[in-house]
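# Per-entry structural report
The residues making up each chain are set out below.
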Amino acid sequence: MKFTIKGVCFTLLVIFSGFFLLVFPSFVMSGIKNYLIMLDNRKESRMEDHWIFNDTGRRLEYHDGTFAQNTSQEIDGVTYYFDEKGYVRTGWVQEMGKLYYRNPDGTPETGWFEDDQGKYYLDENGSPKIGWTEIEGKKYYFSSLGVMAVGFTEIEGKEYLFSDDGSVSPGWVDRDNKKYYLDESGAVTTGMKEIEGKTYFFREDGSMATGWIHNGGSRYYMGQDGAMAKNTWVDEGKQRHYVGADGKEQTGWITVKGKRYYLTQEGILADSGWMKQNGKWYFIDTDGSARTGLFESEGKWYFLTEDGKLLEGWVTSQGKKYYLANGQLMTGWRKIKDKQYYFYKDGSMATGWITIDGKSYFLKEDGSLDTSAMKAGE
């Protein structure tokens, strides 16, 4: 049998024509059937409200072919808001003076939420909490727009300090290398504050003070831990200060552990040596205390009272009598008010028989010389 190209092509054409006539009618019928089903489904769907989606968003089409526009509607327990074109509103939505946040599908966002403005806490309707709110045992504050407060925030005239997570609680807070104390409401404490038996001072910005402070016209010293020093010496370089039971810096005469000290108007402990105060002389020892009783300085004897004053005239101490002139104890023979007395090297007054340079003298009980007395054998 002899095949030609023309014959082969004709044969293939006959085969394909037959296949097309067999398959095409069934394909056409299937397409027509699907189209009729689609029309039937569309007709059926229009008998009730339904959602329509496109690239712009989501719309609710009513059964009559109209759309929900400029309104809100609850569907399956969820409230949706629609714009003027009928699309579900997303993001922040304001309705009747109240804010809501909606996801891209129009459903409400709930719980913690954050945007460029800050953090929010949204309720089950997507509305942000406003004002003071307790969440899982922690206390937060949200502004009128629902933004969570962090850091220093003034609320109704009071300054509060919120942590980085937005919560606030009473007690000590460290921030930027400074210490603060928050009261029961979380407000920043200022001024003097008693905390667990110790006194602290907080500046106007609420930070805890250390070192010297001024308050109410007085000076106080706050230790490195911020607690007020009381009943103790405070050393500042070569200067010494003293703070009393109330923490105030002392001036003038004070008594500490039975010793008297003098502090200048600046609160500085007086230097050692002689000091004249209100017309009276005092001697300040090397430890800063005022000397009392008999003492020797540069070969001379002096007598100071219990409060440290330098005495003049007659002095009785430990059963002995002394006489001071120009602040110094007299020694040797001295004439006092036309009477002669003799004082030993320690300044004590002699009585009875004494021998000086081989000659005997009798001194009466009051210490005065009895010129009529003669010792036997002389």
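One can find the structure itself at the top, above this paragraph.
What you see is a predicted model, and the numbers here were worked out from it, not measured in a lab.

### Observations regarding the overall build of the protein chain
Secondary structure assignment for the protein chain yields one helix and 33 strands. For the protein chain, the proportion of contacts with a sequence separation of at least 24, taken over those separated by at least 6, is 28%.

### Focus on the packing of aromatic side chains
Taken as a whole, this structure holds 36 aromatic pairs when the rule is applied. When the ring of Trp132 is compared with that of Tyr160, the centres are 5.2 Å apart and the planes differ by 65 degrees; the resulting orientation is edge-to-face. Of this pair, Trp132 sits in strand β9 (residues 131–135) while Tyr160 sits in strand β12 (residues 158–162), placing them 28 residues apart in sequence. Judged by its relative accessible area of 36%, Trp132 is partly exposed. Taken together, the aromatic side chains of Trp92, Tyr101, Phe113 and Tyr120 make up a single cluster linked through ring pairs. Over the ring of Trp51 we find Arg58; its NZ or CZ atom is 3.8 Å from the centre of that ring. One Lys or Arg, Arg219, reaches over the ring of Trp212 and ends 4.1 Å from the middle of that ring.

### Observations regarding the pairing of strand β1 (residues 50–53)
When β1 meets strand β2 (residues 58–61), the two strands line up antiparallel, connected through four bridges. The residue bridging His50 from the neighbouring strand is Glu61, located in β2. Taking the residues between adjacent antiparallel strands as the criterion, β1 and β2 are bridged by four residues, where Gly57 takes a positive phi near 160 degrees.

### Description of the pattern of salt bridges
This structure, assessed with the given rule, holds 11 salt bridges. The partner of Asp165 in a salt bridge is Lys138, and the shortest N-O contact between them spans 3.3 Å. Of this pair, Asp165 sits in the loop between β12 and β13 (171–175) while Lys138 sits in strand β10 (residues 138–142), and the two are 27 residues apart along the sequence. For the salt bridge of Arg291 with Asp285, the shortest nitrogen-to-oxygen distance reads 3.6 Å.

### Observations concerning the side chain of Thr107
Here Thr107 lies in the loop between β6 (98–102) and β7 (111–115). In terms of polar contacts, Thr107 uses its side chain to reach the side chain of Asp105, at 2.6 Å.

Conventions used here
Residues numbered from 1 in each chain as written. Predicted model: local features only at pLDDT ≥ 70, side-chain atom pairs only at ≥ 80, totals over all residues. Heavy atoms only, no water. Helix = DSSP H or I, 4+ residues; strand = E, 2+ residues; numbered from the N terminus. Contact = heavy atoms within 4.5 Å. Phe/Tyr/Trp six-rings, centres within 6.5 Å; stacked < 30°, edge-to-face > 60°. Buried < 20%, exposed > 50% of the residue type's maximum accessible area, 1.4 Å probe, protein only. Lys NZ or Arg CZ within 6 Å of the ring centre and 35° of its normal. Pairing = 2+ DSSP bridges. Salt bridge = Lys/Arg side-chain N within 4 Å of Asp/Glu carboxyl O. Polar contact = N/O pair within 3.5 Å; in protein donor to acceptor, adjacent residues only side chain to side chain.

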